[in-house]
Amino acid sequence: MISKTKSSPSLSITSRSGNPNHFRKSKNYLPIPPPPTSPLVSNHIKFEELRVIRGKKLLKDLSTWGIGGPSNHFVQVFTSSQLLSALRYCGENTIPFIIVGKGSNCLFDDLGYDGCVIQNRIVFLERNEPGIFRAGSGFPFNRLGVQCSNEGYTGLEFAGGIPGTVGGAVYMNAGANGQSLNRTDIEFGYRSSPFQDMKNLAAVVAVTFQLKRSASARTMQQQYLERRRLSQPVGERTAGSVFRNPPNSGVTAGELIERAGLKGYRVGGAMVSDIHGNFFINSGQSTSQDMLELIRFVKEKVYQRFGIELKEEVLYVHPHSNARNAETENNHAM
């Protein structure tokens, strides 16, 4: 459900379009220099400038769940041109990739990932005029929500409790407390956006939010944070909501899990939260297989009890995930 918030995002997008020699940003096209005479040597140098880490970066350090083995390639990008260089390198060398921000909706496999993990650190924030905030896609979404509310602008109060990035929030249409993103010329749905169906989309680069003044914005945002503190396992290693709320059922995924008597259920180091049924906790040394088995078990029990099949909201990244299949495999994680 899309709430009637006043936030109105416009997006700048890096797109793998039909013409590989163009960089697409919003409606502007910037030409890419032609491939060098010795592409492998040049790409190696270009990638080294991005400080690539080979086979040593543990993905558990990039995930709020604290689970995951090493990535074959890992690189951080701080500008759109660096992101473009990383994407071109992966494309020209047939390396699958996934773009992550805070890793707040990711379950990485213990065996790691055979492709390239690109961590989005495009974190700028611009104020072009009153109520207009342009944020890099790697900017923390919760920080943006708190900052806008503290400055007296309404529309992003709900974002204060969402530990992802701006790009991931827009791609997934993140929401909380009945609020989510809204724009008249873009069809957002529950945890869905048109960007998930764009086959040529590589990444969201920046988002512009148009907000309105409100004297109650800060108070509302603080109320949302207090509600979150009381109803969610804040401080635990979780990935947020594991399942999407089933449509047209009148009940949330968390309520179904609680009614099935599964709060506190454990598989190895993975556990259903005692506070909120839709939050699964890494209570110690949980492995990816522990968490996958817990997800499978909960889905099965809820279906047996209520005839409702829960759908995962988290993204499972296994060693051979083919994220070159663009956003159909959710390669833009939060």
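One structure accompanies this document, and this report is about it. (Residues numbered from 1 in each chain as written. Predicted model: local features only at pLDDT ≥ 70, side-chain atom pairs only at ≥ 80, totals over all residues. Heavy atoms only, no water.)

1. Some words on the sheet that holds strand S15 (residues 270–272)
Right, on to step 1. Reading across the sheet, the three strands line up as S14-S15-S16 and stay open at both edges, with antiparallel pairing between neighbours. Both edges of this open sheet fall to strand S14 (266–267) and strand S16 (280–282), since each of them pairs with a single strand only.
Right, on to step 2. Alignment of S15 against S16, held across three bridges, turns out to be antiparallel. Across the sheet, Val272 pairs through a bridge with Phe280, a residue of S16. (Pairing = 2+ DSSP bridges. Helix = DSSP H or I, 4+ residues; strand = E, 2+ residues; numbered from the N terminus.)

2. Topic: the pairing of strand S9 (residues 125–129)
Right, on to step 1. Two elements, S9 and strand S10 (residues 132–136), share four bridges in a ladder whose sense is antiparallel. Residue Arg127 lies in a different strand from S10, and its bridge partner there is Phe133.
Right, on to step 2. Here S9 hands over to S10 after two residues, with Gly131 in that stretch at a positive phi of 85°.

3. A few points about the packing of helix H3 (residues 141–150) against helix H5 (residues 217–231)
Right, on to step 1. Remark: H3 packs on H5, axes separated minimally by 7 Å, with the N-to-C direction vectors making an angle of 145°. Contacts between H3 and H5 involve Gly145, Val146, Ser149 and Asn150 on the former and, on the latter, Ala217, Arg218 and Gln221.
Right, on to step 2. Split into classes, the residues belonging to the contact of H3 with H5 amount to two nonpolar, four polar and one charged. (Axes fitted to C-alpha atoms, helices over the stretch in contact; angles between N-to-C directions. Contact = heavy atoms within 4.5 Å. Nonpolar A, V, L, I, M, F, W, Y, C, P; charged D, E, K, R; others polar.)

4. Some details on the pattern of salt bridges
For side chains bearing opposite charge, pairing can occur when the charged atoms are close.
Right, on to step 1. Enumeration over the complete set of coordinates arrives at eight salt bridges.
Right, on to step 2. A salt bridge links Arg127 to Glu151; the nearest nitrogen and oxygen atoms lie 2.8 Å apart. Of this pair, Arg127 sits in strand S9 while Glu151 sits in the loop between H3 and strand S11 (153–154), placing them 24 residues apart in sequence.
Right, on to step 3. Taking the relative accessible area as the measure of exposure, Glu151 reaches 29% and is therefore partly exposed.
Right, on to step 4. In this structure, Glu293 engages Arg296 in a salt bridge whose closest nitrogen and oxygen atoms are separated by 2.5 Å. Of this pair, Glu293 and Arg296 both sit in helix H7 (residues 288–306), separated by three residues, roughly a single helical turn.
Right, on to step 5. Classification of Glu293 as partly exposed rests on a relative accessible area of 31%.
Right, on to step 6. Overlapping salt bridges bring together Glu293, Arg296 and Glu300 as one network. (Salt bridge = Lys/Arg side-chain N within 4 Å of Asp/Glu carboxyl O. Buried < 20%, exposed > 50% of the residue type's maximum accessible area, 1.4 Å probe, protein only.)

Honestly, it's all geometry; don't read function into it.
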